[in-house]
Amino acid sequence: MDLIKDILHEVLLWIESLGYFGILIGLLIEVIPSEIVLGYGGYLVSEGKISYLGAVIFGVLGAIGQNWILYAFGRFGGRPLVEKYGKYIKIKTKHVDIAESWFKKYGAGIVFTARFVPVMRQVISIPAGMAKMNFTLFTLLTALASIPWTILFVHLGKTLGENWEDIDQKAAQYVQPAILIAIALLIIYVVYKFIRAKGKSV
């Protein structure tokens, strides 16, 4: 446990030394969860080492970039690549199976909704790539979901200051409503698709 804490401490110091680009690269490679990277970014804002706007911008760019990588992973490697190398990027085949079934059932809209669900937040990009989803739409939906998520954790990190490590407990009261809202939006999207499909068949 002490070793993990030491590694986390070193990674955070590395992020701090790079400032905005530390947040960007930290999210791209996600050695540690994005919530921690963004929360620590918020802490750096509270210390006056980076700006709030800069932390949010680079946080969103990092989230988009990470999902571009996973999209490419699915599009150009497909399931064989996932099964062979997924474990090295903390992607389990069973999670890809769930994400793929979601994508087939709900369509492109799930790319937005899944961003608010733990684990699925990243994994959903792989079946989107496997299905060769329109890249522009994929990027747009990813960005739209990443903006509120990034703002939330940077804000919480800034508000908590030196106590930013308590961010998981503080975030819980916000994440659950966000998931419910995302599910509601998904239901609206599915109903819209159903009505549209029915209208075309008439």
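Quick note: structure is the one above.
Residues numbered from 1 in each chain as written. Predicted model: local features only at pLDDT ≥ 70, side-chain atom pairs only at ≥ 80, totals over all residues. Heavy atoms only, no water.

## Concerning empty space enclosed by the protein
Scanning the entire structure with this criterion turns up one cavity of 30 Å³ or more. Approximately 150 Å³ is the volume found for the largest cavity. Along the walls of the largest cavity sit 15 residues, with S34, A63, R121, S146 and W149 positioned nearest its centre. Broken down by secondary-structure element, the contributors of at least two residues to the lining of the largest cavity are α3 (34–46), α4 (52–85), α7 (120–123) and α9 (135–160). If one sorts the elements of the lining of the largest cavity by residue count, α4 sits on top with five residues. Considered class by class, the residues forming the lining of the largest cavity number five nonpolar, eight polar and two charged. (1 Å grid on protein atoms, 1.4 Å probe; cavity = no way out; pocket = protein on both sides within 12 Å on 5 of 7 lines; lining within 4 Å. Points joined across faces, edges and corners; volume = space filled by probe spheres on them. Helix = DSSP H or I, 4+ residues; strand = E, 2+ residues; numbered from the N terminus. Nonpolar A, V, L, I, M, F, W, Y, C, P; charged D, E, K, R; others polar.)

## Considering helix α2 (residues 20–29)
The set of residues buried in α2 consists of G22, I23, L24, G26 and L27. Where α2 ends, the next residue or the one after it, E30, has phi of about 40°, a positive value. (Buried < 20%, exposed > 50% of the residue type's maximum accessible area, 1.4 Å probe, protein only.)

## A word on the nonpolar core
Counting residues in each nonpolar core, the largest one holds 50 residues, and the members touching the most others are I15, I23 and M133. Beyond its immediate stretch of four places on either side in the chain, I15 contacts G22, I23, I32, V37 and Y40. (Core = buried A, V, L, I, M, F, W, Y, C linked by side-chain atoms within 4.5 Å. Contact = heavy atoms within 4.5 Å.)

## Digging into α3
Relative to the 18 Å expected for 13 residues at 1.5 Å per residue, α3 spans 18 Å between its end C-alpha atoms, a close match to the ideal helical length. With twelve of 13 residues buried, α3 lies mostly within the body of the structure. (Expected span 1.5 Å × (residues − 1).)

## Examining the packing of aromatic side chains
In total, this model carries eight aromatic pairs according to the counting rule given. An angle of 25° between the planes, with centres 5.3 Å apart, marks the rings of Y20 and F58 as stacked. Here F58 lies in helix α4 and Y20 lies in helix α2, a separation of 38 residues in the sequence. Where W149 meets F153, the ring centres are 5.0 Å apart and the plane angle is 50°; that geometry is what we call tilted. Residue W149 and its partner F153 are located together in helix α9, separated by four residues, close to a single helical turn. Connected via pairs of aromatic rings, a cluster forms that spans W68, Y71, F135 and F138. (Phe/Tyr/Trp six-rings, centres within 6.5 Å; stacked < 30°, edge-to-face > 60°.)

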